Amino acid sequence: MTARNIGSNRSTPDGPGRIRPSHLEIRGVSMSYGRTRVLDDVDLAVPHAGITAVVGASGSGKTTLLRVIAGFERPAQGTVVLGDQTVAGPAAWTPAHRRGVGYVTQDGGLFPHLSVARNIRFGLPRADRTGRDRLRARVDELLDLVALPRSVADRRPDQLSGGQQQRVAIARAMARKPAMMLLDEPFSALDTGLRTATRQAIAEILTASQTTAVLVTHDQAEALSFANEVAVMREGRLVQVGAPIVVYTRPRDLGVANLLGDTIILDAMLEGSLASCALGVVPVRRPTVQGRVKLLLRPEQVHVVVDSPIRATVEGAVYFGPESTVRLRVEPHADADPRFVDEPTVITIRHWNAALGRAGAQIALRVVGEGVAFPADPVA
Ligand SMILES: Nc1ncnc2c1ncn2[C@@H]1O[C@H](COP(=O)(O)OP(=O)(O)OP(=O)(O)O)[C@@H](O)[C@H]1O
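Residues numbered from 1 in each chain as written. Predicted model: local features only at pLDDT ≥ 70, side-chain atom pairs only at ≥ 80, totals over all residues. Heavy atoms only, no water.

- The chain carries the name ABC transporter ATP-binding protein in an unreviewed UniProt entry, which gives Microbacterium candidum as its organism.

## Overview of the packing of helix H4 (residues 162-174) against helix H5 (residues 192-208)
- Running from amino to carboxyl end, H4 crosses H5 at an angle of 20°, the nearest separation of the two axes being 10 Å. Comparing the axis directions of H4 and H5 gives the class roughly parallel. Considering only the axes of H4 and H5, their crossing is right-handed. Every residue of H5 that contacts H4 at Gly162, Gly163, Gln166, Arg167, Ile170 and Met174 is listed here: Leu194, Ala197, Thr198, Ala201, Ile202 and Ile205.
- Taken together, the residues of the contact of H4 with H5 break down into seven nonpolar, four polar and one charged. (Axes fitted to C-alpha atoms, helices over the stretch in contact; angles between N-to-C directions. Helix = DSSP H or I, 4+ residues; strand = E, 2+ residues; numbered from the N terminus. Parallel < 35°, antiparallel > 145°, perpendicular 65-115°, else oblique. Left-handed = near helix turned anticlockwise from the far one by under 90°. Contact = heavy atoms within 4.5 Å. Nonpolar A, V, L, I, M, F, W, Y, C, P; charged D, E, K, R; others polar.)

## Describing the pattern of salt bridges
- The tally for this structure, following the rule as stated, stands at 21 salt bridges.
- Note that aspartate 140 and arginine 136 form a salt bridge whose closest N and O atoms lie 3.9 Å from each other. In this pair, aspartate 140 and arginine 136 are both assigned in helix H3 (residues 132-145), four residues apart and thus about one turn of the helix distant.
- Relative accessible area serves as the criterion here: at 13%, aspartate 140 is assigned to the buried category.
- Across the pair arginine 327 and glutamate 315 runs a salt bridge, and its minimum N-O distance is 3.5 Å. In this pair, arginine 327 is assigned in strand E18 (residues 324-330) and glutamate 315 in strand E17 (residues 310-319), connecting sequence segments 12 residues apart.
- The exposure class of glutamate 315 is partly exposed, given its relative accessible area of 30%. (Salt bridge = Lys/Arg side-chain N within 4 Å of Asp/Glu carboxyl O. Buried < 20%, exposed > 50% of the residue type's maximum accessible area, 1.4 Å probe, protein only.)

## Some points on the site of the ligand
- By nearness alone, every residue bordering the ligand is listed as Tyr33, Val38, Ala57, Ser58, Gly59, Ser60, Gly61, Lys62, Thr63, Thr64 and His218.
- The contact in question runs from an oxygen atom of the ligand to an N or O atom on the backbone of glycine 61, over 3.0 Å.
- Taking histidine 218, its side chain carries an N or O atom lying 3.0 Å from an oxygen atom of the ligand.
- Protein chains bury 55% of the 630 Å² of accessible surface belonging to the ligand in isolation.
- Ranked by residues supplied to the shell around the ligand, first place goes to helix H1 (residues 62-70) with three residues.
- Split by residue class, the shell around the ligand holds three nonpolar, seven polar and one charged. (Near = heavy atom within 4 Å. Polar contact = N/O pair within 3.5 Å; in protein donor to acceptor, adjacent residues only side chain to side chain. Areas by Shrake-Rupley, 256 points an atom, 1.4 Å probe, with all protein chains shown as cover.)

## Concerning the environment of glycine 360
- Examined against the element boundaries, glycine 360 turns out to sit in the loop between strand E19 (345-351) and strand E20 (362-367).
- Residue classification places glycine 360 among the partly exposed residues on the basis of a relative accessible area of 43%.
- Sequence-distant contacts of glycine 360, defined by excluding residues within four places in its chain, comprise Thr313 and Val314.

## So, the nonpolar core
- Counting residues in hydrophobic clusters, the biggest one holds 46 residues, and the most contacted among them are Met181 and Phe226.
- The leading source of residues in this core is H4, at six residues.
- Setting aside residues up to four positions removed in sequence, methionine 181 forms contacts with Gly102, Tyr103, Val104, Ile170, Ala173, Met174, Leu206, Thr211, Thr212, Ala213 and Val214.
- Among the nonpolar cores identified, the runner-up in size contains 28 residues, and Ala268, Leu328, Ile349 and Leu356 belong to it. (Core = buried A, V, L, I, M, F, W, Y, C linked by side-chain atoms within 4.5 Å.)

## Describing the packing of aromatic side chains
- All told, the structure shown has three aromatic pairs when counted by the stated rule.
- When the ring centre of tryptophan 93 is taken as origin, the NZ or CZ atom of arginine 99, which lies over that ring, is 4.7 Å away.
- It is arginine 298 that lies over the ring of tyrosine 248; its NZ or CZ is 4.0 Å from the centre. (Phe/Tyr/Trp six-rings, centres within 6.5 Å; stacked < 30°, edge-to-face > 60°. Lys NZ or Arg CZ within 6 Å of the ring centre and 35° of its normal.)

## Overview of the sheet that holds E19
- Taken in spatial order, the five strands make up an open sheet running E16-E20-E17-E18-E19, and their pairing is antiparallel. Strands with a single pairing partner mark the edges of an open sheet, and in this sheet they are strand E16 (302-305) and E19. Adjacent strand axes in the sheet meet at a mean angle of 45°, parallel and antiparallel pairs treated alike.
- Across seven bridges, E17 lies against E18 in antiparallel orientation. The residue of E18 that forms the bridge with valine 318 is threonine 325. (Pairing = 2+ DSSP bridges.)

## Quick look at the sheet that holds strand E13 (residues 274-277)
- Here five strands make up an open sheet; going across it, the order is E14-E13-E12-E15-E21 and the pairing antiparallel. Both edges of this open sheet fall to strand E14 (280-283) and strand E21 (372-375), since each of them pairs with a single strand only. Mean inter-strand twist for the sheet, computed between neighbouring axes without regard to direction, equals 45°.
- Bridging between strand E15 (residues 291-297) and E21 involves four bridges; their strand directions are antiparallel. Looking at the pairing, valine 293 lines up with proline 375 of E21.

This is the structure in C-alpha cells:
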C-alpha cells in the first residue's frame, strides 16, 4: 500500500468513476434533544470502502449523527441502512452491538487500569476470547495492523504516547472486523506531527481493510485530505456533500467557503462569465447570478508578480515558517472597475517569502484561476 499525501483521498477499489453500492444510507433522519432539533432531515450515502468527513461548526450535530449511525441514539424520523439491513426506521431497530460498527472517540476511551492487550481483547467477539495462544496471536495481529510494536501489549495506556493510545483504540475497534468505522475527532488531542502520522497510518489501515468510514472533524485540512467525500453540516442539516475539490473550489455558499478555508471576498460586477473587481477582471466558473455579486477567491489564487497594473501596499504580515500571511491594501488602478474603487480593498494572501511582509512595501498582483460568484445580497 503506498502512502498518499497526508491521509487518503483514496482511489476506489473498482477504479475512478465507477459507481459503488452504498454501505451506509441515511434518509430523512431527524432528531431532537427535548425541544431542540439537532438533526433536520439528513440524507447521506457513503459507498462501500469510502471515507466521508463530516465538518461543521461546534454544536451543528456532527457527533449526534455518528451516534445515530452507531445506534446510541434513535432518530425520531427517517431510516438508517447499513449494508442491506435497515438498522433504524419506523419499524426497525438494531441495537448498537449488532451493527458491526467500530467507534473511536477523541480520547480513545481506553480502560486506564487494563493493559493494552486486555483493552484490545475487550474488542474481540466473545467467541474469539478463548485460548491463551489464540488470544495472544489475535492481539499481536491487531498491534501489527496499527503498526505498534508487540512489546507494548503489557503496558497500561498511560505508558503510551497519545498517538499510540489512539492506535490501540483503533485496534480495539478493528478487533471485530467492523464493516464500518466511525471516527469522532480521533486525532484532535494529538500534537501536529503526531497527528499527521497517526492520520496517515489510520487512513492506510482503513484502505487496506476496505473499511467504510465516517470521520467527524473540526479541521478542514484533515477533512479535505483524509476523506474522498466531505459533508458540510450546519444547524443539523447537511448543506453540501461532495468530493473535497468540489466543496473547496465550488462551495454552495459563503458560509461553506469560510468553513473550508481562508477566503478573499470582493464586491464585483459580473457580466457573462467575467467579474470586474478591485483585482481587475476575473473569470467566473458557470455563474448562476449576474450583475452585482460577491466574488470568492482563495488566497492562493492571488500571486505576487514582477509587474502588473494591479498594485498593493503591504499593511502587515504574520510569519508561520513555511509561509507568511500578508495583509495588503489594493490600490485603485486603471483596470479596476470604477464602481468598486471608492472603498479601499484590503485582502490577505499567503507568501513563502517573509521579506515581502515589510509594511509599506509596494507589490504587483495577478489573480490566477477562476472565482466563484454569489448573490451580493443573499436575502434579497
Ligand atoms: N445528550 C444531550 N442532551 C441534550 N442536548 C444535547 C445532547 N447532546 C448534544 N446536545 C446538543 O445537540 C447539539 C448538537 O450537538 P453535537 O454534539 O452533535 O454537535 P457537534 O457538531 O458534534 O459539536 P462539537 O463539534 O462541539 O462536538 C448541541 O446543541 C448540543 O448542545
